[in-house]
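# Report on the structure
Each chain is listed here by its residues.
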Amino acid sequence: MFSFIKKKLGWGSSQPETTSDQPAKEAPQTSAPAPAASPAPQQPAVVSPPAPAAAATPAVTEDAPKAPAPERRSWLDKLRAGLRKTGSSIAQVFTGTQIDDALYEELESALLMADAGVAATEHLLTDLKRRVKETKATDPSQVKSLLIDAITELLQPLEKSLVVGLHTPTVIMVAGVNGAGKTTSIGKLTRHLSDAGQKVLLAAADTFRAAAREQLLVWADRNHVEIVSQEGGDPAAVTFDAVQAGRSRGCDVVIADTAGRLATQLHLMEELRKVKRVIGKAMDTAPHEVLLVVDGNTGQNALSQVKAFDEALGLTGLIVTKLDGTAKGGVLAAIALWSRERHAAVPVYFIGVGEKLEDLQTFSAREFAQALLA
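Throughout this description, residue numbers start from 1 for each chain and increase along the sequence as written. The model is predicted, so local features are restricted to residues of pLDDT at least 70 and side-chain atom pairs to those at 80 or more, both for listing and for counting; the totals for chains, interfaces and linings are taken over all residues. Heavy atoms throughout the structure, all of them, feed into the side-chain values; hydrogens and water do not.

We now examine a negative patch on the surface. Taken together, the side chains of Asp101, Glu105, Glu106, Glu108 and Glu122 present a region of like negative charge at the surface. Note on conventions: DSSP H or I runs of at least 4 residues are helices, E runs of at least 2 residues are strands, and numbering of each starts at the N terminus. In terms of residue count, the dominant contributor to the negative patch is helix H3 (residues 101-113) (four residues). Of note, Glu106 is situated in helix H3. Each patch is built from residues that are more than 30% exposed by relative accessible area and take part in no salt bridge. Like charges join if they lie within 9 Å; nonpolar side chains (Val, Leu, Ile, Met, Phe, Trp, Tyr) join within 5 Å. Surface accessibility in these figures is a Shrake-Rupley result with a 1.4 Å probe; residues are shielded only by whichever protein chains are displayed. Any carboxyl oxygen of Asp or Glu within 4 Å of a side-chain nitrogen of Lys or Arg constitutes a salt bridge here. For the purpose of charge, His is not counted, nor are the chain termini; Lys and Arg are scored as positive and Asp and Glu as negative. Charge positions come from single atoms, namely NZ of Lys, CZ of Arg, CG of Asp or CD of Glu.

Let us now look at the packing of helix H10 (residues 300-313) against helix H11 (residues 331-341). Relative to each other, H10 and H11 sit at 30°, their axes nearing to 8 Å. Judged by the inter-axis angle, H10 sits roughly parallel to H11. Considering the relative orientation of H10 and H11, their crossing is right-handed. In this structure, H10 uses Gln300, Ala302, Leu303, Val306, Lys307 and Asp310 to contact H11, whose residues at the interface are Val331, Ala334, Ile335 and Trp338. Only the contacting stretch of a helix is used when fitting its axis, a line to C-alpha atoms as for every element, and angles between N-to-C directions run 0 to 180 degrees. With respect to orientation, any angle under 35 degrees is reported as roughly parallel, any angle over 145 as roughly antiparallel, any angle of 65 to 115 as roughly perpendicular, and every other angle as oblique. Less than a right angle of anticlockwise turn of the near helix away from the far helix marks a crossing as left-handed, whereas a clockwise turn marks it as right-handed. By definition, residues are in contact when any of their heavy atoms lie within 4.5 Å.

Time to look at the packing of aromatic side chains. Stacked, tilted and edge-to-face are the three classes assigned to paired rings of Phe, Tyr and Trp, where Trp is represented by its six-membered ring and a pair needs centres within 6.5 Å; plane angles under 30 degrees give stacked, over 60 edge-to-face, the rest tilted. Taken as a whole and judged by the stated rule, the model has one aromatic pair. With centroids separated by 5.9 Å and ring planes inclined at 55°, the aromatic side chains of Phe363 and Phe368 adopt a geometry described as tilted. For every residue, the accessible area obtained with a 1.4 Å probe (protein chains only) is divided by the maximum for its type, and the residue is called buried under 20%, exposed over 50%, and partly exposed between those limits. Note on Phe368: relative accessible area 1%, which makes it buried. For a Lys NZ or an Arg CZ to count as sitting over a ring, it must be within 6 Å of the ring centre and within 35 degrees of the ring normal. For the cation-ring pair, Lys129 lies above Tyr104, with the distance from its terminal atom to the ring centre recorded as 5.1 Å. Seen from the ring of Trp219, Arg222 lies directly overhead, with NZ or CZ sitting 4.7 Å from the centre.

Strands were regarded as paired on the criterion that DSSP finds at least two bridges between them. Here eight strands make up an open sheet; going across it, the order is E6-E5-E7-E4-E8-E9-E10-E11 and the pairing mixed. With partners counted over all chains shown, the strands left at the sheet margins are strand E6 (226-228) and strand E11 (360-362), one partner each. Each adjacent strand pair in this sheet contributes to an overall mean axis angle of 25°, direction not counted. For strand E4 (residues 170-175) and strand E8 (residues 289-295), the ladder comprises four bridges, and the chain directions are parallel. For Met173, the partnering residue across the bridge sits in E8 and is Val290. The strands touched by helix H7 (residues 212-223) are strand E5 (200-205), E6 and strand E7 (253-258); relative to E5, the strand with the most contacts, the crossing angle is about 170°.

With that out of the way, let us pick up the side chain of Asp257. Position of Asp257 among the secondary structure elements: in strand E7. If sequence neighbours within four positions are ignored, Asp257 has contacts with Val174, Lys182, Thr183, Ile186, Ala203, Ala204, Ala205, Asp206 and Leu216.

With that settled, the discussion passes to the pairing of E4. Regular strands have side chains that alternate between both faces of the sheet. The element E4 is largely enclosed, with a buried count of six among its six residues. Burial of the side chains of E4 extends over both faces: Thr170, Ile172 and Val174 are buried on one face and Val171, Met173 and Ala175 on the other. As defined by bridge partners, E4 adjoins E7 across five bridges and the pair is classed as parallel. Paired with Met173 across the bridge in E7 is Ala256.

Put into structure tokens, the structure is as follows:
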């Protein structure tokens, strides 16, 4: 049996956190003080997605879905508000009185405008028409519920837990383009893991962006975790030292903040490959997770980033940020369809809808589909 993170939702305090583009005003020049070492966990810890608000069954059901906990309900309200720009254009399609070709044409346009992409849009429309035929739906409101089911089924493979503890330490390499919220997401994830009793060590290997090292130092100090950093150091050397330090200090998790890259900067992408190879030299089987942080506001460009970084590094998971106020939330459908064609799905471990610590939460396919069409 796995041991679960102390809280699946609503972790940490509610104070605002720094954004990825906000440099730290003051930063220590040495590693942040380490807390007293906690006993090594006997079993892997799992950051688990919450139970969906309703099972992925046909839309018409007499069983009332289990109400989410108050903390989760508050976050779901933020998710629905964040996706309102996406959902409003889709939801208004179902305000008519009949199911006809015009409805499907309007829905096609709405999904494309939401950046679901051509392939995912065609997939969803084909699946939706099949569901309408099988259930003999006659009202547009029923079609809306069936679309929620179709989106949920498409996104379901992306719903997976982040597991730490199968390796000691579990080495997590985090990449992403500048401005996606990479360093801030690392800080929030560090807090969640620390609150769950995991001893975390950070590696400040983002030597490419100005103030990135200082920003991560602030996060280390705030979370009371240790950090390995070198001013102007080689990213690969920093990660090597961090993994070695994590092993010698008995850390549970080592998180490497690698430099923000554009997928078109081939020489910089090659440097990321080097960082991954060096991590493997520091510890066999590492890195155990290769995560990409993507900005949900970038739409189809987010899919292009996922493909490029996956080709270069072999991604094991995603963190999708800045879904608050976006009109392009449908890109997750495009990512899910691409992931189906891959040898293994690339899960979305977390999604973010704001700057506060609790605004980074585990991904649930059903919750996302419902919020998208709220």
